Each structure stands twice: as structure tokens, then as C-alpha cells.
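Topology and contacts: notes
What follows is each chain in one-letter form.
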Amino acid sequence: MELQPNREAVVRVPVATLWADPEKVRPVDRPALADPPDIAAWVGGMDRDQQVDECVLSQLLLGERVLVTEVRADGWTQVIALDQPAGRLDRRGYPGWLPTAQLTAAPQAGPSTDPLVVDALLTALRIAPDGPVALPAVVLGTRLAPAGGPVDGWRPVHVPGRADPLWAPEGDVVPLPAERPEPKEVLATAERLHGLVYLWGGVSSHGIDCSGLVHLAWRRYAVTLPRDADDQAEATTPLALGEERPGDLYFFARPGRRIHHVGIVSSEPHGEVRRMLHACYLQRRVVEERLPPHREATLVGAHRV
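The model shown is predicted, which means the values in this text are computed figures rather than measured ones. (Residues numbered from 1 in each chain as written. Predicted model: local features only at pLDDT ≥ 70, side-chain atom pairs only at ≥ 80, totals over all residues. Heavy atoms only, no water.)

**Examining the state of the cysteines**
- Evaluation of the coordinates by the stated rule reveals zero disulfides.
- Left without a disulfide partner, C55 is nearest to the cysteine sulfur of C210, which lies 17 Å away.
- Among the residues examined, C55 registers a relative accessible area of 5% and is labelled buried.
- Not engaged in a disulfide, the cysteine C210 finds its nearest cysteine sulfur in C280; these two sulfurs lie 9.7 Å apart. (Disulfide = S-S within 2.5 Å. Buried < 20%, exposed > 50% of the residue type's maximum accessible area, 1.4 Å probe, protein only.)

**Remarks on the environment of G207**
- For G207, the location among the structural elements is in strand 16 (residues 207-208).
- Note on G207: relative accessible area 0%, which makes it buried.
- Between the C-alpha atom of G207 and that of L98, which follows or precedes it by 109 residues, the distance is 18 Å. (Helix = DSSP H or I, 4+ residues; strand = E, 2+ residues; numbered from the N terminus.)

**A few points about unusual backbone geometry**
- Cis geometry marks the peptide bond from D35 to P36; its omega dihedral reads 0°.
- The residue P36 is located in the loop between helix 1 (30-33) and helix 2 (39-44) in this model.
- Phi angles above zero are rare outside glycine, and N6 is one such case at about 70°.
- Relative to the helices and strands, N6 resides in the segment before strand 1 (8-11).
- Given a relative accessible area of 66%, N6 falls into the exposed group.
- The backbone phi angle of D130 is positive, close to 60°, even though this residue is not glycine.
- Along the polypeptide, D130 turns up in the loop between strand 9 (122-126) and strand 10 (133-139).
- Looking at D130, the relative accessible area reads 60%, which means it is exposed.

By themselves, these observations are geometric and do not establish any function.
Next up, the structure:
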């Protein structure tokens with residue numbers, strides 16, 4: 001079924017990158033445009049400046065829903081990412097452009113099943129148990145619909161755009177939790193991304209930015225937070241400084257400007273000493289550190305999800 005404006009579609013590749021403007025895509029971005037994309041090669045092929053180019057808006061994971069707003073003949077589709085709230089941009093979700101080949105029409109609603117979520121940083125989906133790889137590098141936080149019970153350590157799952165189930169290692173997928181997680185559980189998930197490369201707009205275990213780290217860590221536990229830091233601040237509960245606990249959030253803004261950075265509180269504060277885990281634009285990595293002076297100077301609050 002072809003994609004049509006004003007109808008939903010879903011991502012059919014492990015990670016689809018959301019672009020601001022198809023005309024601003026660079027030669028270095030070719031691996032991210034393929035079907036399936038090679039996100040590891042794309043990130044590895046960029047220099048420090050290319051990693052923070054604002055032509056990238058966000059990333060969507062396998063099975064993520066979009067609302068199609070325009071389909072172009074040149075292979076690009078304009079969408080609203082429905083699972084990434086962005087009140088400042090569009091009340092429906094995060095707007096941008098995706099390669100049409102990385103989408104498929106949304107399936108008709110099937111029987112309700114308890115969804116699974118990928119708990120490994122990366123896993124591969126195979127055609128048969130221990131068989132050839134069909135989809136490599138499916139990332140942490142990806143939701144999958146089970147297609148049956150485990151078989152010899154493998155779990156069949158439904159995948160958008162494919163008639164037959166694919167198989168995931170049973171230990172790499174877990175039931176999506178029904179109860180809200182403790183903040184420290186979310187922190188523990190985010191800590192597994194320590195050292196990951198910084199990527200502007202990144203929301204995957206290939207590369208990630210500050211608000212992407214927060215969004216993805218909570219997504220793993222079935223909690224949908226907005227995509228950008230300023231919207232995340234609007235969607236969370238302010239705390240008095242000193243009341244924050246591990247798993248809460250620190251927000252940062254320059255005087256008279258909107259919030260531009262977010263980090264995850266990594267330990268209880270001790271006097272004026274505060275620590276956080278965050279995707280650091282300056283160091284181009286996910287790091288855990290004491291707030292340096294320039295962060296203390298722009299700290300505007302602590303919040304709880």
C-alpha cells in the first residue's frame with residue numbers, strides 16, 4: 001500500500017533519521033539514506049563539525065508511527081513523528097522529512113498483544129532462529145510486537161513491512177513494563193550509553209544528543225517524553241535545588257534564552273557539588289561528571305519526571 005497524505009505510516013528500518021530539509025542533506029549522509037541505513041558507518045564517517053550540523057532534527061526507531069503530510073516524487077516524505085511530542089513546533093509531534101523507502105503504510109490494527117522492548121544496546125533480527133540476519137542493529141528502546149512464544153532461546157516478532165515474523169535473541173527483548181519505573185532505573189539504562197558519541201538529533205545507541213538521551217532512556221520504560229529539552233522541562237515537575245535525586249533532570253539556559261541543555265542527575269547533591277550524566281556537546285560524548293563552572297552558571301532548575 002502506498003503512502004498517502006493525512007494517513008499514518010510506520011518506520012520499517014532499524015533507525016530512520018529525521019531531516020530538516022532534503023535539499024540540505026550532505027554527501028556524508030548517504031549511509032543514513034540507504035535501505036536499510038548504515039547508521040554506524042554514517043556516524044563513523046563524520047568529523048566533529050558534521051556531527052553537530054542542524055540538518056538533522058531527530059531519529060525514529062523501527063515501528064515508530066508518523067503522520068504523512070506530503071509525499072514527493074523524488075523519494076522524500078514529510079511527516080509528523082507522533083511518538084515524539086514537540087509542543088513548540090507542532091502539537092501533533094515532531095515535524096520533518098524521511099526517505100520514503102524507510103517507511104511503510106501503517107498496518108490494520110491486529111489482535112492486542114503485550115509489546116516487547118529491545119533491552120540490548122543493539123540486536124539483530126533474523127529470518128529464522130540462528131539464521132541469516134534480516135535487520136541488523138535494531139537499537140535499545142525499540143518496541144516489537146510478539147508473534148509467538150520463545151523457541152530455543154529465540155523470540156518471533158512482527159516487523160513492519162514484512163509478512164513473516166523475524167527472530168530476536170530471547171535475552172535481548174523483554175516485556176514492556178506496565179508500571180512506571182523508578183528514576184534510578186532510568187538512570188541505570190542511560191548509564192549504559194556512557195561514552196557514546198554525541199550526535200545532534202541522535203536518539204539511538206549509535207549516537208545521541210542531550211535530550212535524545214533523556215527521551216530514549218524513558219522510552220525504554222514506556223514513558224513518552226518530548227523530544228527537545230525545553231519541551232521536556234515543560235512536561236516535568238520542578239523541584240527546589242537540593243531536593244533532586246538520581247534519575248531526576250537538570251535543565252540549563254542562558255539569561256533571557258530558552259532551555260538549551262538537559263542532563264540526568266547521577267548522584268545526590270552534596271552542598272554545592274552536583275553531578276550529572278549527559279550527552280556533552282563540548283566533549284562530543286556521553287559523560288558523567290561534576291557540573292563544571294559554565295554549567296553551574298546556566299543551571300535553571302531540577303525537575304522530576
